[in-house]
Amino acid sequence: MNEMAAAPKLLPWAPERTGEGTAPPPYGPGGGGEAPRPGRGRRLLLPLRLAWRQLRAERARLFSALAGVMFACVLVFMQLGFRAALFESATSLLSAMRAELFLMHPLTTASFRPEPLPRARAFQTLALPEVAQAVPVYMAQVSWRNPETGARRMIQLVGFDMEAGAMRFPGLEAVAEALKRPDTVAFDIRSRPEFGDVAGLLARAGGAPLKVEAGNREVEVVGLVEIGASFGADGNMITNEVNFRRLVPQRRASNTDLVALRLVPGADPRAVQARLREILPRDVVVLTHEELVAHERRYWEEATPIGFIFGFGSAMGLIVGMVIVYQILFSDIAAHLREYATLKAMGYSDGYLARVVMGAALILAGLGFVPGAALSAALYELVGAATYLPLGMTPGRAVLVFGLIFAMCAAAGLLAVRKLRDANPADMF
Amino acid sequence: MREEPPVLLRGVSYAYGEGALRRPVLRAVDLTVGPGEIVLLTGPSGSGKTTLLTLIGALRAMQEGSAVVLGQELNGAGEARRMALRRRIGFIFQHHNLLGFLTARQNVAMALELDPALDERARLGRAGAMLEAVGLGGHADHVPAQLSGGQRQRVAVARALAGSPGLVLADEPTAALDRASGGEVVRLLRDLARSRGVPILMVTHDPRILDIADRIVAMEDGRIVEAPAGAAAD
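Here the structure is a predicted model, which means the values were calculated and not measured.

Calculation criteria
- Each chain has its residues counted from 1, following the order in which its sequence is written.
- Whichever chain is written first becomes A and whichever ligand is written first becomes 1, with later ones labelled in order.
- This being a predicted model, a pLDDT of at least 70 is required before a residue's local features are given, and a value of 80 or more before pairs of side-chain atoms are given or counted; all residues contribute to the totals for chains, interfaces and linings.
- Water and hydrogen atoms were dropped before computing side-chain values, which therefore reflect all heavy atoms in the structure.
- By definition here, a salt bridge exists when the distance from a side-chain nitrogen of Lys or Arg to a carboxyl oxygen of Asp or Glu is within 4 Å.
- Relative accessible area decides the class of each residue, using a 1.4 Å probe on protein chains only: under 20% of the type maximum gives buried, over 50% gives exposed, and in between gives partly exposed.
- UniProt positions are given in the numbering used here, feature names are shortened, and annotations may be inferred rather than shown by experiment.
- The helix and strand labels rest on DSSP assignments: H or I over at least four residues marks a helix, E over at least two residues marks a strand, and numbering proceeds from the N terminus.
- Marked domain ranges trace back to an automatic or database domain assignment.
- Aromatic contacts are taken between Phe, Tyr and Trp rings whose centres are within 6.5 Å, Trp giving its six-membered ring; a plane angle under 30 degrees counts as stacked, one over 60 as edge-to-face, and the others as tilted.
- The criterion is that NZ of a Lys, or CZ of an Arg, lies within 6 Å of the ring centre and within 35 degrees of the ring normal, and then a charge sits over that ring.
- For two strands to be treated as a pair, DSSP must find at least two bridges joining them.
- Contacts between residues were defined by any pair of non-hydrogen atoms, one from each residue, lying within 4.5 Å.
- Pairs of N or O atoms are called polar contacts if they sit within 3.5 Å, as long as, within protein, a hydrogen donor faces a hydrogen acceptor (for residues adjacent in sequence, only side-chain-to-side-chain pairs).

Our focus in this paragraph is the pattern of salt bridges. Working definition: two side chains of opposite charge can pair if their charged atoms are close together. Inspection of every chain in the model, using the stated rule, returns 31 salt bridges over all chains. A salt bridge links R251 of chain A to D257 of chain A; the shortest N-O distance between them is 2.6 Å. By relative accessible area, which is 2% here, D257 of chain A ends up buried. Among the salt bridges present, the one from D191 of chain B reaches R190 of chain B, with a minimum N-O distance of 3.4 Å. What emerges from the salt-bridge pattern is a single network uniting R49 of chain A together with E113, E120 and R123 of chain B.

Let us look at the UniProt feature "transmembrane region" (unreviewed entry) in chain A. Residues and elements named next belong to chain A. When the UniProt feature table is mapped onto this chain numbering, "transmembrane region" (unreviewed entry) sits at residues 62-82, 306-331, 352-378 and 398-417. Helix makes up 100% of residues 62-82 and strand 0%. Its end C-alpha atoms lie 30 Å apart. Structurally, residues 352-378 comprises 100% helix and 0% strand, and the distance from its first C-alpha atom to its last is 39 Å.

Moving on to the domain arrangement of chain A. Assigned domains of chain A: these are domain 1 (42-86 + 306-427) and domain 2 (106-283). Here domain 1 of chain A and domain 2 of chain A have C-alpha centroids that lie 49 Å from each other.

What follows concerns the UniProt feature "domain: MacB-like periplasmic core" (unreviewed entry) in chain A. Taken from the UniProt record, the annotation "domain: MacB-like periplasmic core" (unreviewed entry) applies to residues 65-278 of chain A. Helix makes up 30% of residues 65-278 of chain A and strand 29%, and the two end C-alpha atoms of the span are 61 Å apart.

On to the packing of aromatic side chains, then. Aromatic rings in a pair are described by how distant their centres are and how their planes are angled relative to each other. Residues and elements named next belong to chain A. Following the criterion strictly, the structure yields 16 aromatic pairs over all chains and no others. In textbook terms, an aromatic cluster arises when at least three aromatic residues are bridged by ring pairs, as seen for F77, F369, Y380, F402 and F406. One cation-aromatic arrangement involves R153 over F195; the distance from NZ or CZ to the ring centre is 5.6 Å.

In regular strands, side chains alternate between the two faces of the sheet. Residue and element names in this part refer to chain B. Strand direction decides the pairing type here: strand β1 (residues 7-16) and strand β4 (residues 64-69), joined by five bridges, are antiparallel. Bridging across to β4, L8 finds its partner in V68. In terms of strand pairing, β1 meets strand β2 (residues 23-33) through seven bridges, oriented antiparallel. Bridge pairing in β2 places V12 opposite V29.

Time to look at the environment of E100 of chain A. Residues and elements named next belong to chain A. Position of E100 relative to the elements: it lies in the loop between α5 (92-95) and β1 (101-104). Along the sequence, E100 and L263 sit 163 residues apart, while their C-alpha atoms lie 6.6 Å from each other. Residue contacts for E100: discarding those within four places in its chain leaves L261, R262, L263, P269, L287, T288 and H289. Within the structure, E100 has its side chain in polar contact with the backbone nitrogen of L263 (distance 3.1 Å).

Structural data, given as structure tokens:
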């Protein structure tokens with residue numbers, strides 16, 4: 001209290017120093033009615049700074065809030081990542097096809113369960129000079145006996161003319177010649193491990209033919225390709241048209257499942273598509289490559305609960321994150337009600353204090369997202385390596401998740417702002 | 001310019017509750033605070049002093065009567081007008097109500113952030129000078145938790161005066177303080193206000209500080225009663 005005694009003598013405001021006399025205060029906002037309009041920068045930056053100072057003051061509370069945002073962030077990233085990876089793997093076979101246009105039966109819902117279409121349609125398309133090649137593709141699920149354990153499992157068999165070049169998988173060229181032999185197949189190395197360690201057996205066979213049982217027939221595995229397992233097919237093997245018919249004898253030779261059309265260089269796929277729709281009967285639809293992939297993807301998104309499940313998982317993560325952020329903001333307001341009421345008494349508006357709360361919410365969004373995204377990227381690597389799913393951070397998804405986290409924190413802020421009503425300066429006296 | 005009194009109340013009545021529960025707390029109060037005048041408002045609990053203070057401070061909407069504060073008629077004034085008026089009033093509460101996460105200087109500067117004419121340097125400069133004036137120049141960068149009760153209330157005084165208010169309203173500013181520091185705070189407030197010509201209206205129960213007043217107004221049962229004998233100011 002000793003510094004008190006000298007204080008009155010040191011008044012910097014003393015009238016004799018400032019020359020103000022007892023004149024009314026020279027500064028101070030407004031002479032009467034309306035408050036002056038502050039600039040946009042100070043309207044946003046000053047509340048944001050106050051929010052940051054308040055958050056910074058309580059480290060434990062800040063870190064638990066950030067952990068909540070990070071948790072939501074990682075959860076949403078993983079859900080959306082799995083969703084994208086599963087859709088991508090579901091369309092991996094169709095994505096590997098190299099043709100401009102495709103014929104498909106209108107009732108085919110997904111490639112693993114095709115409706116057959118008349119094979120004659122393939123050759124009818126050759127009436128157009130723009131169509132260079134029409135390649136029938138046959139697809140069926142056949143049983144496969146694990147060469148190590150003997151366990152049976154359904155595998156997707158894809159048959160097509162190796163020389164047409166309508167498909168491009170890694171490894172296809174090396175086995176194309178061998179696949180011309182009777183009863184030969186190439187095995188998809190990215191099939192699920194339950195089909196047996198075919199790659200290992202092939203290596204150990206050292207050139208000797210590797211015989212396996214597929215579709216109740218003995219076939220020889222002549223090589224390996226890379227396609228990838230999907231929802232519809234746990235594994236794949238490819239073969240030529242004739243071998244396909246041997247393995248699936250019940251199928252009529254006049255039917256096929258998909259026709260890949262390769263056009264002459266320079267032809268406009270859209271124009272050819274329109275022309276084909278005119279000349280072909282209604283038992284086929286003509287799709288471009290993108291349309292074919294989109295059709296398959298739509299099946300998985302809409303006709304299965306997969307899209308919903310991951311969307312639901314993301315929503316749960318966002319709700320949990322929102323509740324955590326809301327709790328933190330709410331308790332921050334509740335702990336400072338008296339101070340907030342004092343600010344209101346000093347002339348701060350409800351809007352200003354609401355901007356402080358929203359500023360805190362958005363700071364939490366930003367600070368939680370960065371480590372959350374980094375952690376998610378690391379988890380993508382880890383989980384992708386373990387599950388063979390094509391997981392990876394994409395800029396589009398990062399932007400989307402940031403938007404979701406931002407919206408989550410803003411919603412939590414809006415909920416917490418209601419608590420400000422309790423900061424009533426009239427109750428302070 | 002300063003002809004008209006900073007506070008001029010005529011026939012101010014106020015009641016809480018509705019209908020059968022209606023409980024009047026102010027009955028036709030007339031009160032004037034002149035320029036630079038220091039007025040103490042005393043009276044038993046429930047006499048309506050605090051309600052009167054919140055009405056003058058534009059913290060509460062008026063019901064009946066006329067209250068002109070710093071030239072602004074408060075009867076019928078909306079929230080925006082009352083908010084603008086509050087910016088020209090310095091408030092000192094029973095508790096210091098400083099923001100715990102801000103330093104003393106930043107707390108005082110909060111009173112200036114609503115003034116768009118000042119930039120950050122000017123705000124901190126004025127806040128620092130104001131802290132010097134209350135004898136806390138050396139504590140400007142301390143947070144409230146590092147200050148004593150009396151020091152915190154002095155920061156609150158600095159905050160109330162930093163915005164160069166036209167009126168200071170104080171509600172039992174010494175209630176939470178011991179005798180010595182309470183007396184220092186109100187005398188400091190009086191000296192600062194007097195040197196700047198700012199009138200003070202202070203609600204207090206504290207008999208130890210009655211001597212700072214120019215005038216003492218006693219309230220009872222919602223009415224102003226005569227000033228207690230012998231309490232006249234110097």
